Amino acid sequence: MKTAPPALEVARTEGCRLHLADGRTLVDGIASWWTACHGYNHPHIRAAVVRQLERVPHVMFGGLTHRPAERLAAELAALLPGTLDHVFFTESGSVSVEVALKMSLQSWQNVGRPEKRRILAFDDAYHGDTFGTMPLCDPVEGMHRRFPGSHLAVERAPIPVGESARRTFATLVERSASELAAVVVEPLVQAAGGFRFHDAEALRFIREVCTMHDVHLIFDEIAVGFGRLGDALFACEIADVTPDVITLSKALTGGTLPLAATVASRPIFEAFWRDDAESALMHGPTYMANPLGCAAALASLELFAREDRLSQATRIGGRLRDRLAPLRTVPGVRDVRTCGALAVVELDRDPDLDWLRTRFVDHGVWVRPLERCVYLMPALVIDDVDLEVLCQAVERVVTEWSTRLEASD
Ligand SMILES: *Cc1c(COP(=O)(O)O)cnc(C)c1O
């Protein structure tokens, strides 16, 4: 945009820091859209990628296979609960959600129920930027209000928290069950659609209703997967709810290479495990299961196994909560909430985002608010010194924003 401040050139990254070409250094509060969970340039991931680059940088994944993909699929299957054992690799989060939708719709076709082709998504959801995922996003508040419709038939409901929302959701599923293929949800934390949280009970209720009416449940863990919420690697484990399909991306490769995975449970897989070509899942991206990405993801999983990222996430969460809670009393702040290593300061009106972003850079941090949400999702390895720099910057910039607001009122 003409009005936006020019993009800052990054010359080098290291740990939780961005070194700019003009000599300045910024402490990164959002880990490059929540991907760089081990910090930047982790030597273990780098070494794995370099080794893979020398051996097999890429081969097509139709009719050919390779060790990194086989191993990564096996490890993801071992980490995920239930029969979530069948992994499909793509190159971005949005595409992995599209594949989840295709798995659900086509598996219903394959078992003779082609009328099940509607999808239910929740208010404030965000599931991607492609034409298949845009209609799943919140049509009023979401970033895709300009492209609300597509051939995908989407029902919308509030997250079932509280009696009335539970009834709305249950009634909608019951009424559309014969045509409803799947319900898709970001478990525990809805991220880019407004950073709203719900509890495990809501997910258990969704699971119960889906099971009762023969509807697939898709968990989009692209934002929350890989330890962001502390307690466990995945939200499905924290909530103790097993979906039929799960999507993973963002932190999958520790923020080094684009890769995503759609993991299906055995019943969905079995709907495709046949001998007629018509039943095959028709999806095959050119860079499917890129070996460099798979090698990076394997190295990232080794780091999760070797170093206690979950405790680190919990410790970061506690610190964020203590430090940012006082902002609740600042005029113009609607809410301050934390969940795992994620903190949100929600403002009560649309701020001048360019002004906010510029002020954060002036304070030596990289924080990029989304609409009304000033949020922190730093690398899980961030130390106390850098975390304090981030908290102080949020405190100061939000207070400054509030003071200017009062002056102009
Ligand atoms: C980021 C995100 C996506 C989209 O992933 P891309 O890699 O940007 O296509 C989908 N769902 C959720 C929950 C996300 O946070």
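Let me sum up the structure you'll find in this document.

Across its full length, the protein chain holds twelve helices and 16 strands. Taken over C-alpha atoms, the radius of gyration comes to 21 Å for the protein chain, in line with the 22 Å a tight globule of 409 residues would show. Principal-axis analysis of the C-alpha atoms gives the protein chain an extent of 65 × 55 × 40 Å. Considering the protein chain as a whole, with its 409 residues, one finds that 55% of them fall into the buried category. Considering only intrachain contacts with a sequence separation of at least 6, the fraction spanning at least 24 residues in the protein chain is 72%. Surface summary for the protein chain: the accessible area is close to 18000 Å², and the carbon and sulfur share equals 53%. Of the side-chain charges in the protein chain, 43 are positive and 55 negative, and the distance between the mean point of each set is 2 Å.

Attention now moves to the nonpolar core. Soluble globular proteins: nonpolar side chains tend toward being buried together. Ranked by internal contacts, the top residues of the largest apolar core, which has 121 residues, are Phe-169 and Val-183. When sequence neighbours within four positions are dropped, the list of residues in contact with Val-183 reads Leu-120, Phe-122, Phe-169, Ile-206, Cys-210, Val-215, His-216, Leu-217 and Ile-218.

This part is about the site of the ligand. Taken together, Trp-34, Ser-92, Gly-93, Ser-94, Tyr-126, His-127, Gly-128, Glu-186, Asp-220, Ile-222, Ala-223 and Lys-250 form the complete shell of residues around the ligand. In the environment of the ligand, a nitrogen atom lies 2.7 Å from a nitrogen or oxygen atom belonging to the side chain of Asp-220. Its free accessible area being 380 Å², the ligand has 84% of it covered by the protein chains. Residues of the shell around the ligand, tallied by class, amount to four nonpolar, five polar and three charged.

Considering all chains together, one arrives at eight aromatic pairs under this definition. Look at Trp-34 and Tyr-375: their rings are 6.0 Å apart centre to centre, the planes differ by 85 degrees, and that puts the pair in the edge-to-face class. One end of the pair, Trp-34, is in helix α1 (residues 31-34); the other, Tyr-375, is in strand β16 (residues 373-376), with 341 residues separating them in the sequence. Put simply, the rings of Trp-34, Phe-195 and Tyr-375 pair up and form one aromatic cluster. A cation sits over an aromatic face here: Arg-166 above Phe-205, 4.1 Å from the ring centre. Looking at Arg-337, its charged tip hangs above the ring of Phe-197, at a distance of 5.7 Å from the centre.

Now for the pattern of salt bridges. Evaluation of the coordinates by the stated rule reveals 23 salt bridges. The shortest N-O distance in the salt bridge between Arg-118 and Glu-155 comes to 2.7 Å. Here Arg-118 is found in strand β5 (residues 118-122), whereas its partner Glu-155 is found in strand β6 (residues 153-157), with 37 residues between them in sequence. Taking the relative accessible area as the measure of exposure, Arg-118 reaches 22% and is therefore partly exposed. Of the charged contacts, one joins Arg-372 and Asp-350 as a salt bridge, the two residues approaching to 2.9 Å between their closest N and O atoms. Taken together, the residues Arg-372 in the loop between β15 (365-366) and β16 and Asp-350 in the loop between β14 (343-347) and α11 (353-362) connect sequence positions 22 residues apart. Note on Asp-350: relative accessible area 55%, which makes it exposed. Taken together, the shared-partner salt bridges in this structure form one network comprising Arg-319, Arg-323, Glu-388 and Glu-395.

Conventions we followed
- Residues numbered from 1 in each chain as written.
- Predicted model: local features only at pLDDT ≥ 70, side-chain atom pairs only at ≥ 80, totals over all residues.
- Heavy atoms only, no water.
- Helix = DSSP H or I, 4+ residues; strand = E, 2+ residues; numbered from the N terminus.
- Rg over C-alpha atoms; globule rule 2.2 N^0.38 Å.
- Buried < 20%, exposed > 50% of the residue type's maximum accessible area, 1.4 Å probe, protein only.
- Contact = heavy atoms within 4.5 Å.
- Areas by Shrake-Rupley, 256 points an atom, 1.4 Å probe, with all protein chains shown as cover.
- Lys, Arg positive; Asp, Glu negative; His and termini not counted.
- Charge placed at Lys NZ, Arg CZ, Asp CG, Glu CD.
- Core = buried A, V, L, I, M, F, W, Y, C linked by side-chain atoms within 4.5 Å.
- Near = heavy atom within 4 Å.
- Polar contact = N/O pair within 3.5 Å; in protein donor to acceptor, adjacent residues only side chain to side chain.
- Nonpolar A, V, L, I, M, F, W, Y, C, P; charged D, E, K, R; others polar.
- Phe/Tyr/Trp six-rings, centres within 6.5 Å; stacked < 30°, edge-to-face > 60°.
- Lys NZ or Arg CZ within 6 Å of the ring centre and 35° of its normal.
- Salt bridge = Lys/Arg side-chain N within 4 Å of Asp/Glu carboxyl O.

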